[in-house]
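# Descriptive structure summary
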There are 2 protein chains.
Amino acid sequence: MTVDQLDPTPLWEQLAAILRERIRSGDLEPRQVLPSESQLQQEHGVARGTVRRAMQALGEEGWTVTVQGRGTFVAPRESWPKG
Amino acid sequence: MTVDQLDPTPLWEQLAAILRERIRSGDLEPRQVLPSESQLQQEHGVARGTVRRAMQALGEEGWTVTVQGRGTFVAPRESWPKG
DNA sequence: GAGAATTTGTACGTATGTATG
DNA sequence: ACATACATACGTACAAATTCT
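Residues numbered from 1 in each chain as written. Chains lettered and ligands numbered in written order. Predicted model: local features only at pLDDT ≥ 70, side-chain atom pairs only at ≥ 80, totals over all residues. Heavy atoms only, no water.

### Details of the overall build of chain A
What counts is decided by this rule: Secondary structure follows DSSP: runs of H or I at least 4 residues long count as helices, runs of E at least 2 residues long count as strands, and numbering of each begins at the N terminus. Here the radius of gyration uses the C-alpha set of atoms, whereas the globule reference equals 2.2 Å times the residue count to the power 0.38.
On a plain count of helices and strands, chain A comes out with three helices and two strands. When the helices and strands of chain A are read in sequence order from the N terminus, they spell out α-α-α-β-β. Rg of the C-alpha trace for chain A: 12 Å, near the compact-globule value of 12 Å for 83 residues, within the 12% margin. Structurally, chain A occupies a C-alpha span of about 35 × 30 × 20 Å along its principal axes.

Structure, rendered in structure tokens:
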């Protein structure tokens with residue numbers, strides 16, 4: 001699963017949706033670290049700025065927590081949207 | 001009033017604080033358009049990305065509303081923080 | 001403790017697309 | 001047709017915090 005360059009949806013939105021689904025599905029569990037920005041940028045063939053824009057969205061929605069020098073982690077379920 | 005390159009505070013935060021104060025003080029009134037990105041960039045000697053980061057913060061706080069192709073406007077007082 | 005490597009944060013530049021006047 | 005203005009996306013470089021050797 002990766003982004004589609006032909007889809008008019010912004011790449012950062014597509015990437016955010018992918019990661020959001022990985023979290024919600026349980027593929028990425030609370031307190032688990034997400035792939036690094038450089039890993040994601042290689043895996044999806046996008047620029048780091050695009051990765052960061054996606055990460056920012058996830059953080060604002062409460063899915064993830066980012067710590068400088070450590071990485072971005074899945075937030076506890078309590079802070080997830082809806083439930 | 002402009003940003004201070006020697007201040008360790010991120011430039012985008014400094015710029016956001018300046019514009020926030022201009023709004024709260026009444027220098028910029030509700031529905032009034034803010035200076036364009038290129039104007040702010042020149043006035044404060046920062047890059048477009050820095051201006052946009054400041055604008056984004058103000059928008060998320062409810063101080064401004066941005067419309068593609070039109071500009072960024074001071075939001076109605078109802079949507080301002082606190083009061 | 002020192003130094004290197006990793007990872008996120010900030011800042012800048014450029015190009016292209018989209019919407020408005 | 002042209003100018004203005006925001007949105008997205010690419011790239012680079014360096015700083016700051018953490019982790020590893």
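### Examining the protein's contact with DNA strand C
Where we set the bar: Proximity is defined per residue: if any heavy atom of the residue lies within 4 Å of a molecule or strand, that residue is considered near it. We call two N or O atoms a polar contact when they sit within 3.5 Å, provided that within protein one can donate a hydrogen and the other can accept it, with sequence-adjacent residues counted only if both atoms are side-chain atoms. Gly counts as polar in this scheme, as do all residues outside two lists: the nonpolar Ala, Val, Leu, Ile, Met, Phe, Trp, Tyr, Cys and Pro, and the charged Asp, Glu, Lys and Arg.
Near DNA strand C you find 20 residues, and of these Glu37, Arg48 and Arg52 of chain A together with Leu11 and Thr50 of chain B are the closest. Each atom of DNA strand C within 4 Å of the protein was classed as base or backbone; sugar and phosphate made up 71%. Here a phosphate oxygen of DNA strand C sits 2.9 Å away from a polar atom, N or O, in the main chain of glutamate 37 of chain A. Contacts to DNA strand C include leucine 11 of chain B, whose backbone N or O atom sits 2.4 Å from a phosphate oxygen. Sorting the residues of the surface near DNA strand C by element identifies helix H3 (48–61), strand S1 (64–67) and strand S2 (71–74) of chain A together with helix H1 (11–24) of chain B as the ones contributing at least two each. Looking at the surface near DNA strand C residue by residue, the classes come out as six nonpolar, nine polar and five charged.

### Notes on the protein's contact with DNA strand D
Every one of the 20 residues lining DNA strand D counts as a neighbour, but Leu11, Trp12, Thr50 and Arg70 of chain A together with Arg52 of chain B are closest to it. Sugar plus phosphate: this is where 86% of the atoms of DNA strand D within 4 Å of the protein reside. Within the backbone of alanine 47 of chain A, one N or O atom sits 3.1 Å away from a phosphate oxygen of DNA strand D. In this structure, arginine 70 of chain A approaches DNA strand D through a side-chain N or O atom, which is 3.0 Å from a phosphate oxygen. For the surface near DNA strand D, the elements supplying multiple residues, two or more each, are helix H1 (11–24) and H3 of chain A together with strand S1 (64–67) and strand S2 (71–74) of chain B. By residue class, the composition of the surface near DNA strand D is six nonpolar, nine polar and five charged.

### Quick notes on the side chain of threonine 64 of chain A
Residue and element names in this part refer to chain A. The cut-off we apply is this: For every residue, the accessible area obtained with a 1.4 Å probe (protein chains only) is divided by the maximum for its type, and the residue is called buried under 20%, exposed over 50%, and partly exposed between those limits. Any two residues having at least one pair of non-hydrogen atoms within 4.5 Å are treated as being in contact.
Mapped onto the fold, threonine 64 is located in strand S1. Judged by its relative accessible area of 5%, threonine 64 falls in the buried class. At a separation of 3.3 Å, a polar atom in the side chain of threonine 64 contacts the main-chain amide nitrogen of glycine 59. With residues near it in sequence (within four places) discarded, threonine 64 still touches Ile23, Leu34, Met55, Leu58, Gly59, Thr72, Phe73 and Ala75.

That's the geometry; what it means functionally is another story.
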